[in-house]
Each structure stands twice: as C-alpha cells, then as structure tokens.
Amino acid sequence: MRGLVAVVSLMLMLPLAAWGVIETYEFSDPVLEDRYHELSQELRCPKCQNQNIADSNAPISRDLRFLLHSQLEQGASDDEILGFMVARYGDFVRYRPAVDQNTVVLWYGPGIVALIGLLGLVRHLVRKKRVDQPVTAEELAQLRSRLAVSEGESGAASMSKTVHTSDRAARDNEESS
Amino acid sequence: MGRLKLFLPLLAFAVLGAFLFRGLSLDPKALPSALIGKPLPDFSLQALTAEGLVTREDLLGEPALINVWATWCYSCRVEHPYLLDLARSGIKIIGLNYKDQADPARQWLEALGDPYAVVLSDTAGTLGLDLGVYGAPETYVLDATGDIQYRHVGVVDETVWVQNLARFFPDPERELDTTPLGSSIGEGP
C-alpha cells in the first residue's frame, strides 16, 4: 500500500505540462534527430522574440518544428532549411545570422574593439616598462653634476639630493630651483 | 595632441550614447517582412465566401491590403470595424483566413460584416507560411503589380492607417468614413 502511494506521488510530480507543450517526433535516423535538435535551437521564434523554436510553445513555433521535422525527413540540407526559413522570416529567424554586409559589424565588431583594447594595453605596458628602467651610471653622473651646478648657483643647501629616475624629473628640479 | 587624447573617452561615450538614445525610440518588436519589394508567393486557395479557387493573378491590378485574420484571434475582432470603414471608403481588402475553419469564419462575416473583396481560406496555413505570417492579425500592402510593399503586425486602426498604410494607396487624402470606431458592428457593409 505504501509502495503504491509512493509510486502515485512520484507520478504526480512528472512534468505533465511540458509534455503538452513540446510534441515528440519520430526520426528514421538518429543523425536527423541530432540535426533537428541543433536547428531547433538555432531557429528563433518570430512571435516570442527571445526564445528559440525548441523552447517556445507559440503556435508558430509548433508549425516551424513540424516543418523542420518534415524537411529533415525529406532529406533537405541544413543550408536549404535555413534558407527556406530566412526567405520567409528574414535574418531575424536565425540566432547565428549569415555573414553579409548587414551583419559583418555584428560578427567582427566585438573582435576589432577587443583588438584595439589589447593593442592599447600592450602599448601602455611597454611604455611603463621603459620608464621604470634603472638609471645608468652615465645618467647618474650627469644628474649629479647638474645638481652640483644648481646648488652652487643658488646656494640652496637644503636641496634634496635624491636621485630622480628620469630626465624629466631632473629638468623640473632645475627649473624650480 | 596629447591633451586631445584625453577627450577620446568622452567621444566614445558620445557615440555610444547616440546609439543608445536612438534605440530608445525603436520598437524592438518591429519585424519587417522578409518579402518587402518581393512578389507575393504563388498560391491556389479555396475562396471562403464564393465558389472556386483563387490564385495570385486574381489579386493583381490595383493596390490592396491583405489582412490575415481568424475567428480565434481576439484582436481581429477589435480591428474589424475599422476594416469595414476602410472598405467603405474604397480600399480593396483581401482577407486571408489563417488556420481557421470555414463555417465559423463565414458566420463571423455574416454577423460582423464583410469588408473583404475576396477571402482566401488558408486552413493549413501554407500561404501564411510563405508570407512569413507568425500570428494574426497581420496586414500586408500589395501593390498593383503583385509585390509586397509593407507589413503591419497587430491591429490596424486610424493611426496605423494614416502613418503607415495610406501612402501606398492612390489618394492619401481620401476622406474616411467618420463614423466613430465600433459603431458599425452589426451593420452590413
């Protein structure tokens, strides 16, 4: 008795609604079934715009699934089926539209923007590295002599003797003294 | 140049902003027909309110509206009085009774009035499919040579007619019957 109750309870939990929405099709060849799943994921429902026809329970999606099944069984190629759909519902009906002059920005735009960003980043890093290079002995001697000259001229004994790491810092120092 | 570069992010923001602002006034649901400028597909369908078959050639000669409707479509009932007004003012309207049954459809026309010059009975939805119909009501503009010029999805009313459809017909200033919408329910054409 308890077993029966358990079985009935489990059966009540089955997703009956989902059965009612998506019909099942028999395929003569498992390859066709795979292609059916692939294409029905890629084709977009014209009525409910953010669903593919596999997920949508709109009448038009049911029609398109039926059509897809019958075309697959008749031996149509993927291109033929997609061409048939696009001729009637426009590029809109594909989640992966063909590359043409209308969609080329869509396809390559993000890649180009990412490339520009990457180039900018590389340039920035290269420049930063160049600035961070240690001072050579020759530069150090040059700086010291300049500091000595400026101190001698102004007599500012409090002048910091910190060695700056770039020419520009040295020049600023010279100007301000 | 060094200083001008500082304005690049602002420029990028302005460009992006312009696109997004444009997007605010676009209707994401608007879906132009794939058949704009292309010929109406060939068909041969039973006439709903007359005997015999209707083919593509029977519809040519003057610009017309092709109105996709069905008795299961609530919005079709909403736009029906306005279609009667249009028909009365001389616009040729072709009905496409889409995925419907003939008897209830005929009863509908008897009860509400028949604005259609001819009604095609597309029980299986084959012409609907070839036209790219994805629901009802939809209204297409067919020019005199048989090319599709425009598609409107949803109810046709005064605003839609004036803004989108009237320009395809010879006399855009055409005086429409000015009886208020809905008053013609129940009257014959």
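Within each chain, residue numbers correspond to sequence positions counted from 1 in written order. To label them, take the chains in the order written and letter them from A, then take the ligands in the order written and number them from 1. With the structure being a predicted model, the display of local features is reserved for residues of pLDDT at least 70 and the display and counting of side-chain atom pairs for 80 or more, all residues being used for whole-chain, interface and lining totals. To obtain the side-chain values, all non-hydrogen atoms of the structure were used and water was disregarded.

A few words on the interface of chain A and chain B. Here a residue-residue contact requires only that any non-hydrogen atoms of the pair lie within 4.5 Å. Taken together, the contact between chain A and chain B spans 15 residues of the former and 15 residues of the latter. Take the accessible area each of two parts loses on contact, using a 1.4 Å probe, and add the two losses: that sum is the buried area. Of the roughly 1200 Å² buried where chain A meets chain B, counting both sides, 51% is carbon and sulfur surface. Of all residues in chain A, the largest losses of buried area upon contact with chain B belong to A:Gln49, A:Arg88 and A:Tyr89, amounting jointly to 44% of the total for that side. A pair is scored as a salt bridge if a Lys or Arg side-chain nitrogen falls within 4 Å of a carboxyl oxygen belonging to Asp or Glu. In this structure, the connection of chain A to chain B is made through two salt bridges. Here B:Lys99 ties to A:Asp63 by a salt bridge, and the two come within 2.3 Å at their closest N and O atoms. Here a polar contact means two N or O atoms within 3.5 Å. Within protein one must be a hydrogen donor candidate and the other an acceptor candidate, and residues neighboring in sequence count only if both atoms are side-chain atoms. At the boundary of chain A and chain B, one finds three residue pairs in polar contact (both at pLDDT 80 or more). Listed by contribution, the elements that provide at least two residues to the side of chain A that touches chain B are α4 (59-73) and α5 (78-89) of chain A. Per-element tally for the side of chain A that touches chain B: the top contributor is α5(A), with five residues. Among the residues forming the side of chain A that touches chain B, the class breakdown is nine nonpolar, two polar and four charged. Helix and strand assignments follow DSSP, with helices taken as H or I runs no shorter than four residues and strands as E runs no shorter than two, numbered in order from the N terminus. Under the scheme applied here, ten amino acids are nonpolar (Ala, Val, Leu, Ile, Met, Phe, Trp, Tyr, Cys and Pro), four are charged (Asp, Glu, Lys and Arg), and all others, including Gly, are polar.

Turning our attention to the pattern of salt bridges. Residues and elements named next belong to chain A. Tallying each qualifying case throughout the model produces nine salt bridges over all chains. The residue Asp 78 makes a salt bridge to Arg 35 at a minimum N-O spacing of 2.8 Å. Highlighted residues: Asp 78 in helix α5 and Arg 35 in helix α3 (residues 30-42), separated in sequence by 43 residues. Each of the salt bridges in this network shares a partner with another, and the network as a whole consists of Glu 42, Arg 94 and Arg 96.

Glancing now at a nonpolar patch on the surface. All names here are of chain A. Patch definition: residues with relative accessible area over 30% and no salt bridge; like charges joined within 9 Å; nonpolar side chains (Val, Leu, Ile, Met, Phe, Trp, Tyr) joined within 5 Å. Only the protein chains shown count as cover for residues, with accessible areas throughout obtained via the Shrake-Rupley method and a probe of 1.4 Å. A surface patch of nonpolar side chains, amounting to about 810 Å² of accessible area, comprises Val 99, Val 104, Val 105, Leu 106, Trp 107, Tyr 108, Ile 112 and Ile 116. By the element assignment, Val 105 lies in helix α6 (residues 104-131). Each residue is placed in one exposure class: buried if its accessible area under a 1.4 Å probe, protein chains only, is under 20% of its type's maximum, exposed if it is over 50%, and partly exposed if it falls in between. Its relative accessible area of 62% is what places Val 105 among the exposed residues.

Let us look at the confidence of the model for chain B. All names here are of chain B. The score called pLDDT rates the predictor's confidence residue by residue, from a low of 0 to a high of 100. Mean pLDDT for chain B: 88, with 90% of residues reaching 70 or above. Of the regions scoring below 50 in pLDDT, residues 182-189 engages in 14 contacts with residues more than four places distant in sequence or in other chains. Scored as a whole, the predicted complex attains pTM 0.70, and scored at its interfaces, ipTM 0.76.

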